[in-house]
Amino acid sequence: MMTVLWNALFSKNILNEGTSISEDNSSDSELAAKVNKSILKLYGQFLSDDGLWVDYEGMKSSPLFQDFVKEAQKLVRVNLENLTETERKALFLNVYNSLVIHGQVQLGVPASTFQRLSFFQRTAYRIGPHVFSLDDIEHGLLRGRWYATQICQLELKVRVCVCER
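Residues numbered from 1 in each chain as written. Predicted model: local features only at pLDDT ≥ 70, side-chain atom pairs only at ≥ 80, totals over all residues. Heavy atoms only, no water.

## A word on the overall build of the protein
Argument step 1. Regarding its fold elements, the protein presents eight helices and three strands.
Argument step 2. For the protein, buried positions account for 43% of its 165 residues.
Argument step 3. Nonlocal contacts in the protein, meaning residues at least 24 apart in sequence, comprise 66% of its contacts between residues at least 6 apart.
Argument step 4. Here the protein displays about 9,400 Å² of accessible surface, and carbon together with sulfur accounts for 55% of that area. (Helix = DSSP H or I, 4+ residues; strand = E, 2+ residues; numbered from the N terminus. Buried < 20%, exposed > 50% of the residue type's maximum accessible area, 1.4 Å probe, protein only. Contact = heavy atoms within 4.5 Å. Areas by Shrake-Rupley, 256 points an atom, 1.4 Å probe, with all protein chains shown as cover.)

Following this line, the structure appears as structure tokens:
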């Protein structure tokens, strides 16, 4: 029972793992920019005219979503050590926003407090050899909170955290 509860709370749903990673000779920062461009195009197509809602169901069956997923899968090739601090900040800001949308399309929009907590703890991307959840990105990398930053540094085993305080 405890294992089931632990997995429900803490195991990561890594959304950009897959086998359809095509060859791309782009630099690490260019790969990140392509992911951002792809999600903006997708989001723009499925955002209501009044800007109040997003058609996540329509997005899920869109060829644009499949193109976005292929771009997101390329993040596994990014080497964070090759990026400047400014490039890492841009990468993680864009990845965070892309991952929220990707997670809501693939996993559904969380309806309860527990579902929201689980969503942000578990929804993740692999970037290089590292796995980052939405919480890891927001609290450890972007906000630089000491407790999350320590976890982040252990995960990375190098000092590439965006915000070091």
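Next comes the rest of the write-up.
## Things to note about the pairing of strand β3 (residues 130-133)
Argument step 1. Side chains H130 and F132 of β3 all project onto a buried face; the interleaved residues V131 and S133 project onto the opposite face, where all are buried too.
Argument step 2. Where strand β2 (residues 123-127) meets β3, four bridges bridge the pair, whose relative direction is antiparallel. Paired with Y125 across the two strands is F132, which belongs to β3.
Argument step 3. Hairpin connection of β2 to β3: two residues between the antiparallel strands, including G128 at a positive phi of 60 degrees. (Pairing = 2+ DSSP bridges.)

## Observations regarding helix α4 (residues 63-73)
Argument step 1. Listing the buried residues of α4 in full gives L64, F65, F68, V69, E71, A72 and Q73.
Argument step 2. Those residues of α4 hidden inside the fold are in contact with α2 (28-46), α3 (56-60), α5 (85-107) and β2.
Argument step 3. For α4, the N-terminal cap is S62; the gap from its side-chain oxygen to the backbone nitrogen of L64 is 2.9 Å. (Polar contact = N/O pair within 3.5 Å; in protein donor to acceptor, adjacent residues only side chain to side chain.)

## Here's the deal with the side chain of T123
Argument step 1. Structurally, T123 is set in strand β2.
Argument step 2. On the basis of relative accessibility, which here comes to 0%, the residue T123 falls in the buried class.
Argument step 3. Among the polar contacts made by the side chain of T123, one reaches the main-chain carbonyl oxygen of F119 at a distance of 2.7 Å.
Argument step 4. Once residues within four sequence positions are removed from consideration, T123 is found in contact with N13, L15, L99, G103, L107, S118, F132, S133 and L134.

## Some remarks on the environment of Q104
Argument step 1. Of note, Q104 is situated in helix α5.
Argument step 2. For Q104, a relative accessible area of 16% corresponds to the buried category.
Argument step 3. Placed 19 residues apart in sequence, Q104 and T123 show a C-alpha to C-alpha distance of 9.4 Å.
Argument step 4. If near-sequence neighbours (up to four positions away) are discounted, Q104 is found in contact with Y56, V109, P110 and F119.

## Some remarks on the nonpolar core
Argument step 1. By size, the foremost hydrophobic cluster in this structure holds 34 residues, and its most contacted members are M59, F68, L91, Y125 and I127.
Argument step 2. At the level of elements, α2, α3, α4, α5, β2 and α7 (134-142) are the ones that each hand at least two residues to this core. (Core = buried A, V, L, I, M, F, W, Y, C linked by side-chain atoms within 4.5 Å.)

It is worth stressing that arrangement in space is one thing and function is another; only the former is reported here.
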